[in-house]
Amino acid sequence: MYHEDKVKDIEQNILYQMKDYTFDFKGDKFSLDIIEEDKDKKLFKIYKCKEGLCAYFEVQTTGPYLLKVIYDKTKYKKFYNEFLMKIFKFSIIIFFLLLLISIGFAIYSLRPMKEALYLLENFLKDIIHDLNTPATSILLNSKLLRKRGDFEEIERIELSAKSIASLYKNLEFITPNNIIKDENILVEELVNERIEVLKKIYPKITFTKELNSLSIKNNINGIERIIDNILTNACKYNKKNGEVFISIKKQELIIEDTGIGIKNTKKVFQRYYKENTSGLGIGMSIVKQLCDTLGININIKSTLGKGTQVTLVFP
């Protein structure tokens, strides 16, 4: 808009200079020509002709002629290019000014969201920290009850308390930046231990194992959290009477289920992302952070209604 208005102003200014030129014909800025009168040619108006810019004026003669004043194309092009360069410089200044304003406005606009996320994380930490004390108390008291008699109900209480404790352990690894990786770990033992617990929590899930021996040097608590979250999800989001297949091949741990599947595998590692109402949406986020920290490559393949396959490649 600025360009169009400015070009009109330039042409209008040239037109007035042409009119002044017709009074004395002084200077070499314009050239002249005499043409026959043409009804299509309006007086005192800029036209773009092959010579450049042209305008037509009346001639003080008795003949049907018009005075054609010409502003050379080369001169106009030079003047126009200088004008374009000014606009370009002006546009760059405006662009960076708007960019700075936009960045400032974006930072100002995102501040409430950052504060809300910070409050949410602190809220989660406080909640799960508070859950740890009663969960520990329940586990201790259930062990005391076992001494008086072993009941199935006591086992269920223990399993529920362990599930609550697992949430607390997840939160401990919500920012896993400094982890020591010097412990010898037998991956198949960790898998077997977790499967035994999950069998009691999910009795209708069938577990199929093909576990070769795999020994790695890493952080045992971090590896436990990764395996625990993936296996728990494989059971939690499985179909009724579903199956979970676990295999170890060379340096790979593969966990596959016959569950509901994942709609968006690219978003599954985002914190607080979840595709249903259950869960907190932090489990897989912690898994991804732990994998990155511990040097483990994680791949997810999923088909809706058929199931999900998670592959862990250990270094």
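Above this text you will find the structure in question.
To start, this report covers the structure provided alongside it. (Residues numbered from 1 in each chain as written. Predicted model: local features only at pLDDT ≥ 70, side-chain atom pairs only at ≥ 80, totals over all residues. Heavy atoms only, no water.)

**Concerning the packing of aromatic side chains**
Turning to step 1, where the next piece is worked out: Considering all chains together, one arrives at 10 aromatic pairs under this definition.
Turning to step 2, where the next piece is worked out: Measuring from ring centre to ring centre gives 5.7 Å for Y47 and Y56, while their planes differ by 65°; the resulting arrangement is edge-to-face. Neither residue differs from the other here; Y47 and Y56 are each classed as buried.
Turning to step 3, where the next piece is worked out: Every member of this aromatic cluster is reached through a ring pair, and the members are Y21, F25, F30, Y71, Y76, Y80 and F83.
Turning to step 4, where the next piece is worked out: The positively charged end of K19 is found above the aromatic ring belonging to F44, 5.1 Å away from the centroid.
Turning to step 5, where the next piece is worked out: The aromatic ring of F269 is capped on one face by K288, whose charged end is 5.6 Å from the ring centroid. (Phe/Tyr/Trp six-rings, centres within 6.5 Å; stacked < 30°, edge-to-face > 60°. Buried < 20%, exposed > 50% of the residue type's maximum accessible area, 1.4 Å probe, protein only. Lys NZ or Arg CZ within 6 Å of the ring centre and 35° of its normal.)

**Overview of the state of the cysteines**
Turning to step 1, where the next piece is worked out: For the structure shown, the criterion picks out one disulfide.
Turning to step 2, where the next piece is worked out: Covalently, C49 is tied to C54 through a disulfide, its sulfur atoms 1.7 Å apart. The chirality of the disulfide connecting C49 with C54 is right-handed, given an S-S dihedral of about 50°.
Turning to step 3, where the next piece is worked out: You can call C54 buried: its relative accessible area is 0%. (Disulfide = S-S within 2.5 Å.)

**Examining the environment of I70**
Turning to step 1, where the next piece is worked out: Along the chain, I70 turns up in strand 4 (residues 65-72).
Turning to step 2, where the next piece is worked out: Linking I70 and L53, residues 17 residues apart in sequence, is a C-alpha distance of 5.8 Å.
Turning to step 3, where the next piece is worked out: Residue contacts for I70: discarding those within four places in its chain leaves M18, K29, F30, S31, D33, E51, L53 and C54. (Helix = DSSP H or I, 4+ residues; strand = E, 2+ residues; numbered from the N terminus. Contact = heavy atoms within 4.5 Å.)

**Details of the side chain of S247**
Turning to step 1, where the next piece is worked out: Tracing the backbone shows S247 in strand 8 (residues 243-249).
Turning to step 2, where the next piece is worked out: When near neighbours in sequence (up to four residues on either side) are disregarded, S247 contacts E210, L211, E252, L253 and I254.

**Examining a nonpolar patch on the surface**
Turning to step 1, where the next piece is worked out: A contiguous nonpolar patch, built from M85, F88, I92, F95, F96, L99, I103 and I107 and spanning about 770 Å² of accessible area, is present on the exposed surface.
Turning to step 2, where the next piece is worked out: Relative to the helices and strands, I92 is located in helix 2 (residues 73-148).
Turning to step 3, where the next piece is worked out: Classification of I92 by relative accessible area gives partly exposed; the value is 33%. (Patch = residues over 30% accessible without salt bridge, like charges linked within 9 Å, V, L, I, M, F, W, Y side chains within 5 Å. Areas by Shrake-Rupley, 256 points an atom, 1.4 Å probe, with all protein chains shown as cover. Salt bridge = Lys/Arg side-chain N within 4 Å of Asp/Glu carboxyl O.)

**With respect to the sheet that holds strand 9 (residues 252-257)**
Turning to step 1, where the next piece is worked out: Strand order across the open sheet formed by five strands is 6-8-9-11-10, with mixed pairing between neighbours. A strand with exactly one partner marks an edge of an open sheet, and here the two such strands are strand 6 (206-211) and strand 10 (297-303). Going from strand to strand, the sheet's axes swing by 10° on average, the running direction of each strand aside.
Turning to step 2, where the next piece is worked out: As paired elements, strand 10 and strand 11 (residues 307-313) share seven bridges and run antiparallel to each other. Across the sheet, N299 pairs through a bridge with T311, a residue of strand 11.
Turning to step 3, where the next piece is worked out: Each of strand 6, strand 8 and strand 9 touches helix 4 (residues 187-201); the most contacted strand, strand 6, lies at about 170° to it. (Pairing = 2+ DSSP bridges. Axes fitted to C-alpha atoms, helices over the stretch in contact; angles between N-to-C directions.)

**Structural notes on unusual backbone geometry**
With glycine set apart, most residues show a phi of negative sign, and most peptide bonds adopt trans.
Turning to step 1, where the next piece is worked out: Unusually for a residue other than glycine, F25 sits at a positive phi of about 55°.
Turning to step 2, where the next piece is worked out: Relative to the helices and strands, F25 is located in the loop between helix 1 (2-24) and strand 1 (30-36).
Turning to step 3, where the next piece is worked out: For F25, a relative accessible area of 40% translates into the label partly exposed.
Turning to step 4, where the next piece is worked out: Its identity is not glycine, yet F44 carries a phi of approximately 55°, on the positive side.
Turning to step 5, where the next piece is worked out: Mapped onto the secondary structure, F44 falls in the loop between strand 1 and strand 2 (47-49).

**Quick word on the sheet that holds strand 2**
Turning to step 1, where the next piece is worked out: One open sheet holds the four strands; their spatial order is 1-4-3-2, and the pairing between them is antiparallel. Among the strands making up the open sheet, the edge pair consists of strand 1 and strand 2. Taken over all neighbouring pairs, the strand axes of this sheet differ in orientation by 40° on average, direction set aside.
Turning to step 2, where the next piece is worked out: Pairing between strand 1 and strand 4: seven bridges, direction antiparallel. From the neighbouring strand, L32 faces strand 4, where its bridge partner is V69.

Purely geometric numbers; function is a separate question.
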